[in-house]
Amino acid sequence: MTISIDPQKTNNESLQPKGWLRYFSFSLDHKVIGIQYLICGFLFYLIGGTLASAIRIELASPMSDFMPRDVYNQVLTLHGTIMIFLWIVPVVNGAFGNYLIPFYVGARDMAFPRLNAVAFWLIPPSGLMLVTSYFVEGAAQAGWTAYPPLSITTPQSGQIIWILSVLLLGGSSIFGGINFIATIIKLRRPGLKLMQLPMYCWAMLGTSLLVVLSTPVLAGTLILLSFDIIANTGFFNPVLGGNVVVYQHLFWFYSHPAVYIMVLPAFGLVSEILPVHARKPLFGYTTMVFSIMGIVVLGLVVWAHHMFTSGTPPWMRLFFTIATAFIAVPTGIKFFNWVATLWGGKISINSAMLFSCGFIINFVFGGITGVALAQVPFDIHVHDTYFVVAHFHYIVYGGTVFIIFSSIYHWFPKVTGKMLNEKLGILHFIITFIGFNLCFAPQHWLGLNGMPRRVAEYDPQFQFVNQISSLGALLMAISTIPFLINVFLSVRKGKNAGDNPWNALTPEWLTSSPPPVENWEGEAPLVEEPYGYGKEISVQK
Amino acid sequence: MTTLDSSKEIQKNNSEVKETHEDFRMFGLITFLIADGMTFAGFFAAYLTYKAVNPLPDSAIYELELPIPTLNTILLLVSSATFHKAGKALLKDKNSDSQKWLFFTAFLGIIFLICQLFEYFHLPFGLTDNLFASTFYALTGFHGLHVTLGTLMILIIAWQSRINGGRLNSQNMFPLEAVELYWHFVDGIWVILFIILYLL
């Protein structure tokens, strides 16, 4: 069946507010929704960052003197949950996905615009609910993993609010995933082949498959957990005959793919940014596509490497160690492809490029410690220590958040029509890069020497290294200031960018900046070679 | 799925731009049902793990009686067939026939729910008695929720396929097809649930 688009019905943008007010409306425009995701996510990033600063202030001294121990547990739980579910997942999927995917497939909007708006508007209320749960009876204290029996025995109201809000955010994520799959598979411009799509489309297709396959399992698990808390059942409560390890299996069946849900889109975005600023085609397009799909398949069968100390039987340890080590292969292919893209290119050293290179460096460290953690003997030694904290911050902050900033520098001219200030941008990069490595590199040492994570107090011998780490966190907090100044100044007084300041070839640059409501004045252009730098190519109109 | 070529030439900004695209609402629904199926898969995996790893004490083991769930299985399978009949009738624009079949399907769904509640009231164990009881009620309850929603949706489309003023006809089949697919999905889940929970 075919559907004809009735302009009277779909083009109801004219009824909606114009200018900045539209960002506060139930807009159906994918570009507005993308920016809504980004700004909403950034506000939560500021909240989560404040909580992170509080954690580092507390850890600057070995005693729990800045806040009581239970408040420390609440702060670290909120920090983890906010950063994962309200900043990284919505921004790297929702914000950039919504803004870019319709351009990349040559469409005027997402496949299901209303579902798209619903998916976004689930986020602010659940985020507010989560943040304000601190004032009820204390927020959840069981960490973002909410392992029972801890999550069953700590005060209940905070935990239940946490479950509700994660369920809503999971729903939002699933709706978004369905929309991305339908848009990429079904809404492509006629004549555009799958293997001609920009790499971010492939990354989002893989990510959305993971979202659709694994998020519902988390939802089911959290429903069972809430039964344990409210109705006194014993699914995960050993006292009532339940089994805590089943919770861990079900939880990590979502939460390991969640790592790829956070990092695969970043892989896609960096694959868009590097070729533009190095003026070279993306190296190894086909291998990139296959390694993304390889990561999707392997990502679903490695979850139990988070549970090597949970009494996992030897065959399971063997299988999950090998499967995890295999993931290093597609990831390594992608890493070498990025380096090969840069190799011999005409590289412009600007903020977007610097953040992307920062990503490559940090991600290698995170990847190496990841392979190390997959090995059972090593993992048992450093399990639940600061080594793990350092590892995943190298992936999600050094990896994904660096790419979020890189993408903001890259696409800001498209969204606003204004350039960001390069000097402030480079200052932002330098402070972030130094601060990040100063904060998290010493934590490898702390973990190897046995400092446990998620505890407010520690052995005084670790104080000096912890203070170095806190200094790094301070720098990271400061690094937000030049960024915010930059954005506010540039929106008002930035120099005009023109339609295509980077001379890029991907489709979003072939329209005006900012783009018109339905993306193109006429028909969408057919971009057969989105990375054809240095080649003679023609864009068919 | 029917293939209709209803692509009309539409005018956009007074220019002669043809803008049509495929109907991918069904595609979106299938993606959603895969996600929904994964929720059940999680529950089934939990149940089977409990069965293998956490055996109940002998005093708590209870053989489930089969007559009611078997009747329920038959009810749902028949309702799938009657729903299919409703779709066939609507395709021939026989709205009143379609409506009758839909009401019959909804009736079967309601009987299913009544039987399910009857079984709940006559089981010798409650939600919190032991691990098996909890998983039993969680699984059947979650499925029952799906049947309830499905029945409500069937009643809505039955109302919408009325002859005067209804919006369903052979040109607009999607709402019926969507609910039909959902209903077959819920039936399929029940068959798996019946095998795993009652027969294994």
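Residues numbered from 1 in each chain as written. Chains lettered and ligands numbered in written order. Predicted model: local features only at pLDDT ≥ 70, side-chain atom pairs only at ≥ 80, totals over all residues.

**Describing the overall build of chain B**
Argument step 1. The secondary structure content of chain B amounts to 5 helices and 1 strand.
Argument step 2. From first element to last, N terminus to C terminus, chain B shows the α and β order β-α-α-α-α-α.
Argument step 3. Scaling as 2.2 N^0.38, a compact globule of 200 residues should have a C-alpha radius of gyration of about 16 Å, whereas chain B reaches 21 Å, well beyond that.
Argument step 4. Put simply, chain B has 200 residues, and 30% of those count as buried.
Argument step 5. Excluding contacts between residues fewer than 6 apart, the proportion of contacts in chain B whose partners are at least 24 apart in sequence is 77%. (Helix = DSSP H or I, 4+ residues; strand = E, 2+ residues; numbered from the N terminus. Rg over C-alpha atoms; globule rule 2.2 N^0.38 Å. Buried ≥ 20, exposed ≤ 12 C-beta atoms within 10 Å, placed from the backbone. Contact = placed C-beta atoms within 7 Å.)

**Concerning the overall build of chain A**
Argument step 1. Secondary structure assignment for chain A yields 16 helices and 1 strand.
Argument step 2. For chain A, the C-alpha radius of gyration of 23 Å lies close to 24 Å, the compact-globule estimate for 541 residues.
Argument step 3. Considering only C-alpha atoms, chain A reaches an extent of 65 × 50 × 45 Å along its principal axes.
Argument step 4. The buried share among the 541 residues of chain A stands at 55%.
Argument step 5. Intrachain contacts of chain A at a sequence separation of at least 6 include 82% that bridge at least 24 residues.

**Some thoughts on the nonpolar core**
Argument step 1. Core analysis: the largest hydrophobic core is formed by 200 residues, its most contacted members being I88(A), C201(A), M262(A) and V270(A).
Argument step 2. If near-sequence neighbours (up to four positions away) are discounted, V270(A) is found in contact with W338(A), S356(A), F359(A) and I403(A). (Core = buried A, V, L, I, M, F, W, Y, C linked by C-beta atoms within 7 Å.)

**Here's the deal with helix α7 (residues 156-186) of chain A**
Argument step 1. Counted at 1.5 Å a residue, the expected span for α7(A) with its 31 residues is 45 Å, and the 44 Å between its end C-alpha atoms agrees.
Argument step 2. α7(A) sits mainly inside the fold: 22 of its 31 residues count as buried. (Expected span 1.5 Å × (residues − 1).)

**Some remarks on the packing of helix α9 (residues 244-278) of chain A against helix α14 (residues 386-416) of chain A**
Residue and element names in this part refer to chain A.
Argument step 1. In contact at an axis separation of 9 Å, α9 and α14 are set at 40 degrees when each is read in the N-to-C sense. Between α9 and α14, the crossing angle belongs to the class labelled oblique. Between α9 and α14 lies a crossing whose hand is left-handed. Taking contact as the criterion, the partners of V259, M262, V263, A266, L269, V270 and I273 in α9 are, on α14, I395, V396, G399, T400, I403, S406, S407 and H410.
Argument step 2. Split by residue class, the contact of α9 with α14 holds 10 nonpolar, 5 polar and no charged. (Axes fitted to C-alpha atoms, helices over the stretch in contact; angles between N-to-C directions. Parallel < 35°, antiparallel > 145°, perpendicular 65-115°, else oblique. Left-handed = near helix turned anticlockwise from the far one by under 90°. Nonpolar A, V, L, I, M, F, W, Y, C, P; charged D, E, K, R; others polar.)

**What about the confidence of the model for chain B?**
Residue and element names in this part refer to chain B.
Argument step 1. Here chain B averages 86 in pLDDT, while 90% of its residues score no lower than 70.
Argument step 2. A low-confidence stretch, residues 1-17 (pLDDT under 50), is modelled with 24 contacts involving residues beyond four sequence positions or located in other chains.
Argument step 3. Reported confidence for the predicted complex is 0.90 by ipTM and 0.92 by pTM. (pLDDT = per-residue confidence, 0-100.)

**Looking at helix α5 (residues 174-199) of chain B**
Argument step 1. Compared with the 38 Å implied by 1.5 Å per residue over 26 residues, the 36 Å span of α5(B) between its first and last C-alpha is a close match.
Argument step 2. Those residues of α5(B) that are buried lie in contact with α1 (25-53), α2 (67-91) and α4 (131-160) of chain B.

**Focus: the environment of A41(B)**
Residue and element names in this part refer to chain B.
Argument step 1. Turning to its location among the elements, A41 is positioned in helix α1.
Argument step 2. The class for A41 is partly exposed, based on 18 C-beta atoms found within 10 Å.
Argument step 3. Residues A41 and I189, spaced 148 residues apart in sequence, show a C-alpha to C-alpha distance of 9.5 Å.

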